[in-house]
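Secondary and tertiary structure notes
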Amino acid sequence: MTILAIDQGTTSSRAILFDADLSVLKVAQQEFTQHYPASGWVEHDPEDLWRTTLESCEAVLDGVAPPAALGITNQRETVVIWDRDTGEAIHNAIVWQDRRTADFCAELREAGHEAEVTARSGLLLDPYFTATKAKWLLDQVPGARARAKAGKLAAGTIDSFLIWRLTEGRVHATDATNAARTMLYNIDTGAWDEELCRLFDVPVEMLPEVRDCNAEFGECRLFGTAIPILGVAGDQQAATMGQACFRPGMMKSTYGTGCFALLNTGATRVASQNRLLTTVGYQIDGKVTYALEGSIFVAGAVVQWLRDGLKIIGAAPETQALAEAADPGQRVIIVPAFTGLGAPYWRPEARGAVFGLTRNSGPAEFARAALESVGFQTRDLAEAMRAYWAAAGAEAELATLRVDGGMSASDFAMQSLADILGAPVDRPDVLETTALGVAWLAGNGEGMLPDAEGFAERWSLERRFEPQLDADAREQRYAAWQRAVKATIAAG
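A short tour of the structure in this document, coming up. What you see as residue numbers is a count from 1 along each chain, following the sequence as written. pLDDT decides what is reported in this predicted model: residues at 70 or higher carry local features, side-chain atom pairs at 80 or more are listed and counted, and totals for whole chains, interfaces and linings draw on all residues regardless. Note that water and hydrogens are dropped before the side-chain values are worked out from all heavy atoms of the structure.

Right, let's get into unusual backbone geometry. Phi is positive for Leu22, close to 65°, though the residue is something other than glycine. Helix and strand assignments come from DSSP, with helices taken as H or I runs of at least 4 residues and strands as E runs of at least 2, each series counted from the N terminus. Here Leu22 is to be found in the loop between strand 2 (12–19) and strand 3 (24–31). Each residue is assigned to one of three classes by its accessible area relative to the maximum for its type, calculated with a 1.4 Å probe on protein chains only: buried under 20%, partly exposed between the two thresholds, exposed over 50%. Exposure remark for Leu22: the relative accessible area of 7% places this residue in the buried category. Notably, Lys311 is not glycine yet its phi reads approximately 60°, a positive angle. If you trace the backbone, Lys311 turns up in the loop between helix 10 (300–309) and helix 11 (318–324). Note on Lys311: relative accessible area 64%, which makes it exposed.

Okay, here's the thing in structure tokens:
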């Protein structure tokens, strides 16, 4: 028996077929076109998202028995509005990266609405989230608002659109993790918030039914047999489950171009501060588990800078040997604020800086500093998360950090991360953690796979990186990083 996982991302759609032991059997992937109709605007053609998803599924299912269950994970915050009768979108999807509603968000902020929005949704007033994008579509597409009031339109994040298409219009639903990213959902009551819907002028009747991550989302009958859809989660939350971060204090970090870190805070909702977000980590069998989320703008991108900007390396793996060869007597620090500093500083005006250069500083020292910068930034996030969690009355120790994403392949970067955090860093055998999370949800719903506790026991470690720095050296290095950050902010 197999499980099909759909991973609909920002630049491509993928289908991954897992066996009953959650080993990857087949993968198919298709990229699609990004549309930039104006400065700061980012759109996707919903038909591209559907076509690439459908064709990727067909590719992995070719020549094999139909899967027992299907799970969906998706790019979060991106919104689609479509006609309930035809299933056709009224406009391109507006992507999470899109900034067209920045002025409206600023107006609401100046009018004093942000505190209430955060109190209800856990989020900040920002174009990143779904609500203002949905309002823009209703206001700007001719006739859209009238059609919405007449009950002819449906709105949702990408998971909802795919569920509608996969079930041929029989199900309009989403899960709690995706709903929690819309700025329309109350993460305390677990329902669409009428006050937020009024504030953003989005009719609640358009929105999907919110279900548990492991609920039933209908059947897909497009591949020759009825396949139940039994797991749905937004990509970062799916990765959190794929990493089996089910205990409070467990944290996962996905290191791609940037970094998304989620800390499981259990039943405790921790207040959002310093651009950290309070969100739903997952909702299983009616029980909500909360998380704190923070983002780092530059993680793997600092290695790309070494390659493309400084031309120190020809390929990312070269940083390992260079970093290991660096002069231990030099402590070069790179603050990679190329596009500003993310959480917990949130200083978009800051720009990158290098500290501690000597006449002998060269490619090896730059490589080491670049990889170490990821560990320092992760500790910044972890320190902020622990502080806010402790303020909420919880035991605020980082139990473990589980990592995935392209940069997690660097042994040097991961060892440096463990040293700076003073905590173990675990790298899993299966790096397809996002798809793995919803595959587990679907497999558990079908009865093939164990519950969260059983899945956690089966989670497979490829390598654990234990801290090797003594406490004094760790704190000295971190203090030097903090001084460098302060100087970078002052210079900005």
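Turning to the sheet that holds strand 5 (residues 69–74), a few remarks are in order. Pairing between strands requires that DSSP locate at least two bridges from one strand to the other. Strand order in the open sheet formed by six strands is 3-2-1-5-14-13, with mixed pairing between adjacent strands. If you trace the sheet from one side to the other, it starts and ends with strand 3 and strand 13 (219–220), each paired once. For strand 13 and strand 14 (residues 227–234), the ladder comprises two bridges, and the chain directions are antiparallel. Note on strand 14: the bridge partner recorded for Glu219 is Pro228. Residues are treated as being in contact if the distance between any of their heavy atoms lies within 4.5 Å. Axes, fitted as lines to C-alpha atoms, cover a helix only where it is in contact. Angles between the N-to-C directions of the axes lie from 0 to 180 degrees. This element, helix 6 (residues 158–166), spans strand 1 (2–8), strand 5, strand 13 and strand 14 of the sheet and lies at about 150° to strand 5. Against the sheet, helix 9 (residues 235–242) touches strand 5 and strand 14, its axis set at about 105° to strand 14.

We now examine the pattern of salt bridges. We define a salt bridge as a side-chain nitrogen of Lys or Arg found within 4 Å of a carboxyl oxygen belonging to Asp or Glu. All told, the structure shown has 36 salt bridges when counted by the stated rule. Note that Arg165 and Glu47 form a salt bridge whose closest N and O atoms lie 2.6 Å from each other. Taken as a pair, Arg165 in helix 6 and Glu47 in helix 1 (residues 46–61) lie far apart in primary sequence, 118 residues in all. Close ionic contact of Arg120 with Asp193 constitutes a salt bridge, the shortest N to O distance being 2.9 Å. In this pair, Arg120 sits in helix 3 (residues 114–121) while Asp193 sits in the loop between strand 11 (191–192) and helix 8 (194–200), placing the two residues 73 residues apart along the sequence. Accessibility expressed as a relative area gives 5% for Asp193, which makes it buried.

Moving on, we come to the nonpolar core. The criterion is simple. A nonpolar core is a set of buried Ala, Val, Leu, Ile, Met, Phe, Trp, Tyr and Cys residues joined through side-chain atoms within 4.5 Å. If you look at the biggest cluster of nonpolar residues, it comprises 44 residues, and the most contacted ones within it are Tyr255, Leu276, Leu401, Met407, Met414, Leu417 and Val425. Per-element accounting of this core gives the leading share, 12 residues, to helix 12 (residues 363–391). Leave out the neighbours within four places in its chain, and Leu276 touches Leu292, Glu293, Gly294, Ala343, Leu381, Ala384, Met385 and Tyr388. Listed in part, the 38 residues of the second largest apolar core include Leu125, Phe129, Trp136 and Met183.

For the rest of this paragraph, the subject is the side chain of Thr53. With respect to the element layout, Thr53 can be found in helix 1. Those residues in contact with Thr53 that lie beyond four places of it in its chain are Ile6, Gln8, Ser13 and Leu162.

To continue, consider the environment of Ile163. Relative to the assigned elements, Ile163 resides in helix 6. When its relative accessible area of 0% is taken as the criterion, Ile163 is described as buried. Along the backbone, Ile163 and Lys287 are 124 residues apart, and their C-alpha atoms lie at a distance of 23 Å. Setting aside residues no more than four positions away along its own chain, Ile163 makes contact with Ile72, Val171, Ala173, Phe217 and Val232.

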